[in-house]
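Residues per chain, in single letters:
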Amino acid sequence: MRIVVPFAPGGGTDVVARTLAQEMARDLGVSVVIENKPGAGTIIGTQAVAASTPDGYTLLMGTFSHAVNSSLSANLPYDPHRDFAAVALIARSFNIVVVNPKSPFQSVADLIAAAKANPDKLTYGTFGVGTSAHLAGELFKDMARVNLIAVPYKGAAPAITDLIGGQIQVMFTTVASAASLVESGQLRAIAVTSAERSPAFPQLPTVAEAGVPGYAAESWYGLFAPAGTPAGVIDRLNKSAALAVRSEAFKRLGANEGLVMITRPPEELDRYVRGEEERWRRVIQDAGIKVE
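Now for a description of the structure that goes with this document. The structure presented is a predicted model; accordingly, all values stated were derived computationally and were not measured. (Residues numbered from 1 in each chain as written. Predicted model: local features only at pLDDT ≥ 70, side-chain atom pairs only at ≥ 80, totals over all residues. Heavy atoms only, no water.)

Our next topic: the side chain of threonine 174. Its place among the elements puts threonine 174 in strand β7 (residues 170-174). Since its relative accessible area comes to 5%, threonine 174 is described here as buried. Among all residues touching threonine 174, those that are not within four sequence positions of it are Gly12, Phe94, Asn95, Ile96, Phe127, Ser132, Ser219 and Tyr221. (Helix = DSSP H or I, 4+ residues; strand = E, 2+ residues; numbered from the N terminus. Buried < 20%, exposed > 50% of the residue type's maximum accessible area, 1.4 Å probe, protein only. Contact = heavy atoms within 4.5 Å.)

Printed below as a string of structure tokens:
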């Protein structure tokens, strides 16, 4: 069995998928491997799963992008609802605003002031067009009335490498991709993108508290199968995923990286994705973002 991750190895989605694979393999009694297929804002990996045999042996670790790509691309080679069967919403999280520890930005207010003083000069890294890191940044630009230049990468890991190296100035990245680096001092966190402070980072203000009232953005992880996968198989996979997120490995992951584990029936994942689609459509349209 394989779980396709539509990002490069080493990022937050990869970490969650590998933890899930380990626990589901133990429950299902089969080998579960991770296959990284980055590119085209997750479209390459996602399309590969849509075209695979609907037998439960090929799954997609879907993210924020699964809900927004239909608004980003007029020629999306798959339909996120018609071509997929929802399996389980694994976890929800927020993003975290991080900078190089040598950066002069100690707060969101510092970042806003610098962006206003130097329009079109500051850059923020994303792990693909339309990902949560990208659209969280676009929402920030719109609500803070500043202009930052988005620099897309094929995954969180290469973007963070450049942030640490000083090639870009800031990221609105997932907690899973940055928490250990913040703890080790390789990155400095200045805010969280959730509506309320996180118990995992109680010292960090929300972006809303720090100067952008009303701001909130989150990321999430969901498991999908190709459309046509038998209902009994979907149910078995959902139960296995639910068991996995109750494991000690996921408890540690959640505590360390701010994840809220919320495995629910497949239909709840479908409803959640539809809500996310509607929520971000305006941001995408207002920013004129398209995937060519």
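Time to look at the environment of glutamate 196. Relative to the assigned elements, glutamate 196 resides in the loop between β8 (188-192) and β9 (218-226). Taking the relative accessible area as the measure of exposure, glutamate 196 reaches 63% and is therefore exposed. Considered as a pair, glutamate 196 and alanine 159 are 37 residues apart in the sequence and their alpha carbons are 26 Å apart.

On to the nonpolar core. Core analysis: the biggest nonpolar cluster contains 53 residues, and Ile3, Leu20, Met61, Ile90, Ile96, Val98 and Leu223 have the highest contact counts within it. The element best represented in this core is strand β4 (residues 84-99), accounting for eight residues. Residues contacting leucine 223, with those up to four places away along its chain left out, are Ile3, Leu20, Met24, Leu59, Leu60, Met61, Ala86, Val87, Ala88, Ile90 and Leu269. Phe84, Val99, Ala115 and Leu122 belong to the second largest nonpolar core, which has 49 residues in total. (Core = buried A, V, L, I, M, F, W, Y, C linked by side-chain atoms within 4.5 Å.)

Phi is positive for aspartate 120, which is not a glycine, with a value near 65°. As for its position among the elements, aspartate 120 is in the loop between α4 (108-117) and β5 (123-126). Phi is positive for arginine 145, which is not a glycine, with a value near 55°. Position of arginine 145 among the secondary structure elements: in the loop between α5 (132-144) and β6 (149-152).

Glancing now at α5. With 13 residues, α5 extends 17 Å from end C-alpha to end C-alpha; this agrees with the ideal 18 Å at 1.5 Å per step. Taken together, the buried positions of α5 are Ser132, Ala133, His134, Leu135, Ala136, Gly137, Glu138, Leu139, Phe140, Lys141 and Ala144. Just downstream of α5 lies arginine 145, where phi reads positive at about 55°. (Expected span 1.5 Å × (residues − 1).)

The subject of this paragraph is the side chain of histidine 66. Mapped onto the elements, histidine 66 comes out in helix α3 (residues 64-72). The exposure class assigned to histidine 66 is buried, which follows from its relative accessible area of 4%. The contact partners of histidine 66, leaving out residues within four places of it in the chain, are Thr46, Leu60, Pro80, Phe84, Trp220 and Phe224.

What follows is about the pairing of β5. Side chains of β5 alternate between two faces, with Thr123 and Gly125 and Tyr124 and Thr126 buried alike. Here β5 pairs with β6 via four bridges, running parallel. By the bridge assignment, threonine 123 is partnered in β6 with isoleucine 149. Of the crossover connections in this fold, the one passing from β5 over α5 to the parallel β6 is right-handed. Bridge count between β5 and β7: two bridges; the pairing is parallel. When the sheet's bridge partners are listed, tyrosine 124 is paired in β7 with valine 170. (Pairing = 2+ DSSP bridges. Right-handed = clockwise from strand over helix to strand, strands pointing away.)

Okay, the pattern of salt bridges next. Going through the model one piece at a time under the given rule, you end up with 15 salt bridges. Note that aspartate 27 and arginine 236 form a salt bridge whose closest N and O atoms lie 3.1 Å from each other. A residue pair is termed long-range when its members are at least 10 positions apart, and aspartate 27 in helix α1 (residues 12-28) and arginine 236 in helix α8 (residues 231-244) qualify at 209 residues. Residue classification places arginine 236 among the partly exposed positions, given a relative accessible area of 37%. Between arginine 197 and glutamate 209 there is a salt bridge, with the nearest N and O atoms lying 2.9 Å from each other. Residue arginine 197 is located in the loop between β8 and β9, and its partner glutamate 209 is located in the loop between β8 and β9; the two are separated by 12 residues in the primary sequence. (Salt bridge = Lys/Arg side-chain N within 4 Å of Asp/Glu carboxyl O.)

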